[in-house]
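One letter stands for each residue in the lines below.
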Amino acid sequence: MGEESRLAAVVALAQGMAAAHSSREAWRAAAGGARRALGGSFAALSVWERELGRLRVLVNVGELAEGEEEFPEDESYPVHQFAEITEFLHERWAGGGEPDAWVETAQGPEEGSAGYCHQRVAALRRRGRGCCVVAPIVLHGRAWGELYVARPVGEPVFGRADADFATVLAAVVAAGIAQTERLEEARRLAFTDSLTGLANRRAVDARLDEAVELHRRDGAVVSLVVCDVNGLKRVNDTLGHSVGDRLLERFGTVLSLCGAMLPGALAARLGGDEFCLLAVGPSADEVVKAADEVCRRAVELDIGDGVACGVASTQDPIGPVRSARRLFRLADAAQYRAKAERAAHPVVAGREGPDDPVVRLADEPSGEADGERRRFRGRHAPG
């Protein structure tokens, strides 16, 4: 491959990773771009998980051998079997060198070959591959993992120039991974409440829109639990905002624990003292049970006055749910009623017959509903 072709391959790899919308897409673009650039039939990207002492394969692309998957659930190898990651490379860096790529062949090492690893040779033979080039990926000054590209038996063996080029490609991959990690962290922060670590209102809105569309299309059960922490104002006024923040954090933990009763449920802080659980799939009764557990555990906190909890589920007789907004208004109205009545258990929309007051409140015009909620709060609801 000429210099211009190699430059074009580097640019294509970088562009492919930059266009990725997730880590998986970035991994696939990295391995696929390197495979094409080096003229390989197969490529893999692996990460060194230091805490587990293993190399874990993130993605396999190209001609897969028997038992190989594109995104393997748990294809990993004890790192002591690949000493060059933990020893050979570090010794090179300590001596002032750079982490260069190297070539392995199914025939085994040449005399004095520094990068030789007999497990790789055995793997090449087992999978019908003739040679491979291995390039370490370095991120933030540390070994992050490796890029592996192979050719089948009968194809030209990789040479020193290929290994040098693989080193360049690994550096481009490292830059792409760093960019992907920064973008994912930014996305995570955009959808996370900074105080509690739960999802935020933006995340709930996005997930609820998707859930209601799934309900309309496939009839999936969608349930929403809206919670209001009682006594936050009193805690802030008498004990200080730091204690109030601790109350919110502790309730967030309670909500997360109870949400785990519902597979795939999203626990979120909507803002201030309002929280919610969004569940897609579990029955309404399962959701009410989880909400009841939230109420029980909230009372046991040594600060605050428990929680007011409202539930709305498409499985209950609440009428058609054609929008996320209506389901939210139903759960919100149930929560307001729970707060007004100092209810020790969740109030569930639609369970008081055909003229259910919560459903009626949720479906009233905004002005009337707001007035009714103010009357609820004005009666004897705790602050």
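Just above sits the structure.
An account of the accompanying structure is given in this report. Note that residues are indexed from 1 along each chain, following the sequence as it is written. Given that this is a predicted model, residues contribute local features only at a pLDDT of at least 70 and side-chain atom pairs are listed and counted only at 80 or more, while totals for whole chains, interfaces and linings are drawn from all residues. By convention in this description, side-chain values take in all heavy atoms of the structure and omit both hydrogens and water.

**Things to note about the overall build of the protein chain**
Scanning the protein chain from terminus to terminus reveals 12 helices and 11 strands. Each residue is placed in one exposure class: buried if its accessible area under a 1.4 Å probe, protein chains only, is under 20% of its type's maximum, exposed if it is over 50%, and partly exposed if it falls in between. The burial tally for the protein chain puts 51% of its 383 residues in the buried class. Residue contacts are counted whenever heavy atoms from the two residues lie within 4.5 Å of one another. Here the contacts in the protein chain between residues at least 6 apart in sequence split such that 65% fall between residues at least 24 apart. Per-residue and other accessible areas were derived by the Shrake-Rupley procedure at a 1.4 Å probe size, with only the shown protein chains allowed to occlude residues. Approximately 18400 Å² of the protein chain is accessible, and the part contributed by carbon and sulfur atoms is 50%. By the criteria applied, helices consist of DSSP H or I runs no shorter than four residues and strands consist of E runs no shorter than two, each listed in order from the N terminus.

**Notes on the sheet that holds strand β8 (residues 266-271)**
Pairing between sheet strands relies on hydrogen bonds along the backbone, with the strands arranged either parallel or antiparallel. At least two bridges found by DSSP between two strands is the condition for calling them paired. On the basis of which strands lie adjacent, the open sheet formed by five strands has the order β8-β9-β7-β10-β11 and mixed pairing. Each edge of the sheet is formed by a strand with only one pairing partner; in this case those strands are β8 and β11 (347-348). Pairing of strand β7 (residues 222-229) with strand β10 (residues 307-313), which is carried by seven bridges, proceeds in the antiparallel orientation. Across the sheet, residue Val 229 finds its bridge partner in β10, namely Val 307. A fitted line through C-alpha atoms serves as each axis, taken over the contacting stretch for helices, and the angle formed by two N-to-C directions is quoted from 0 to 180°. Of the strands in this sheet, β7, β8, β9 (274-280) and β10 touch helix α8 (residues 241-259), which is tilted by about 15° from β9. Contacts between helix α10 (residues 324-340) and the sheet are confined to β7, β8, β9, β10 and β11, with β10 contributing the most and set at about 145° to the helix.

**Regarding helix α7 (residues 232-239)**
Residues of α7 that are buried: Leu 232, Val 235 and Asn 236. Each buried residue of α7 lies within a common arc of 95° when the element is viewed along its axis, so the set occupies one face. Opposite the buried face of α7, at more than 90 degrees from it, the exposed residues are Lys 233, Asp 237 and Thr 238. Where α7 is buried, its residues touch β7 and α8. Taken from the residues just after α7, Gly 240 is the one with a positive phi, measuring 105°. What the arc describes is the spread of directions from the helix axis to the C-beta atoms.

**Description of the pairing of strand β6 (residues 142-152)**
Most of β6 sits out of view: nine of its 11 residues are buried. Two elements, strand β1 (residues 42-49) and β6, share six bridges in a ladder whose sense is antiparallel. In the sheet register, Phe 42 faces β6, and the bridge partner there is Ala 150. Both strand β5 (residues 129-139) and β6 contribute to a ladder of 10 bridges, which runs antiparallel.

By themselves, these figures tell us nothing about what the structure is for.
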